[in-house]
Structures are given as C-alpha cells and as structure tokens.
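The chain contents come next:
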Amino acid sequence: MENIEKEISVVYDKIANVYHEYRSKNRLFWNEFIEKPAMLSLLKSVKSKRILDLGCGSGIHARLLKNRGANIYGIDISPRMIEIAKANVRGVD
C-alpha cells in the first residue's frame, strides 16, 4: 500500500500547478455549481470554528472557509499541493 500512496503523491505533484491554475481561474468547473454550494449550505456559519480540510489540494476550499472566519488546517498526500496552498492561503496550517 505504501508504494501506491507514493505513486499517487507523485502524480498529484506533477499536476499540482496546472490543477491550481485551472481551479482558481475557471468558474465553469463543476465544483462551483454543485460541491461548493452544497458544502456551504451544510456548514452554515464557520466563524471561529476549527476545520480540518482532508485532501486540501491547493487550498481552494481552505481559502473560502478562511475568508468566512474559520481556523483551517489542511492535509494532502501531495507535498507540491501543500506548497501551493501555503503560498496562496496565508494563516492556514
């Protein structure tokens, strides 16, 4: 299993920059119409709440929740995705 995780990490590291650029600038991505509205309607107010973003990727959701007042902690299998998230979402662990 450890070998598969390493392979997955390598793949996500390779696509991290393109993924982040596309997700950050493309408002037609399906998540904008389905995932985000559904998630936010379930969460209600997140102000001052601690939230763990599992599989945080490049920090797209972390930024959104931080802007709504949450304290965010992110984890991802890809070190490159974590680097991008740290660079683009200040104040998130």
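Anyway, here's the lowdown on the structure attached to this text.

How each quantity is defined
- Residues numbered from 1 in each chain as written.
- Predicted model: local features only at pLDDT ≥ 70, side-chain atom pairs only at ≥ 80, totals over all residues.
- Heavy atoms only, no water.
- Helix = DSSP H or I, 4+ residues; strand = E, 2+ residues; numbered from the N terminus.
- Contact = heavy atoms within 4.5 Å.
- Buried < 20%, exposed > 50% of the residue type's maximum accessible area, 1.4 Å probe, protein only.
- Patch = residues over 30% accessible without salt bridge, like charges linked within 9 Å, V, L, I, M, F, W, Y side chains within 5 Å.
- Areas by Shrake-Rupley, 256 points an atom, 1.4 Å probe, with all protein chains shown as cover.
- Salt bridge = Lys/Arg side-chain N within 4 Å of Asp/Glu carboxyl O.

## A word on the environment of Tyr 22
Step number 1: On the secondary structure map, Tyr 22 appears in helix α1 (residues 2-25).
Step number 2: Sequence-wise, Tyr 22 and Ile 51 are 29 residues apart; in three dimensions their C-alpha atoms are separated by 25 Å.

## Comments concerning the side chain of His 61
Step number 1: Inspection of the secondary structure puts His 61 in helix α4 (residues 60-67).
Step number 2: Among residues more than four places away in sequence, those in contact with His 61 are Glu 35, Lys 36, Met 39 and Asp 53.

## Description of unusual backbone geometry
Step number 1: Phi angles above zero are rare outside glycine, and Lys 44 is one such case at about 60°.
Step number 2: Take Lys 44: its relative accessible area is 64%, and that puts it in the exposed class.
Step number 3: With a phi close to 65°, Ser 48 is a non-glycine residue in the positive phi region.
Step number 4: Within the secondary structure, Ser 48 is located in the loop between α3 (35-43) and β1 (50-54).

## With respect to a nonpolar patch on the surface
Step number 1: On the surface, a nonpolar cluster with roughly 490 Å² of combined accessible area is contributed by Ile 4, Ile 8, Val 11, Tyr 12, Ile 15 and Ile 77.
Step number 2: On the secondary structure map, Tyr 12 appears in helix α1.
Step number 3: We classify Tyr 12 as partly exposed; its relative accessible area is 38%.

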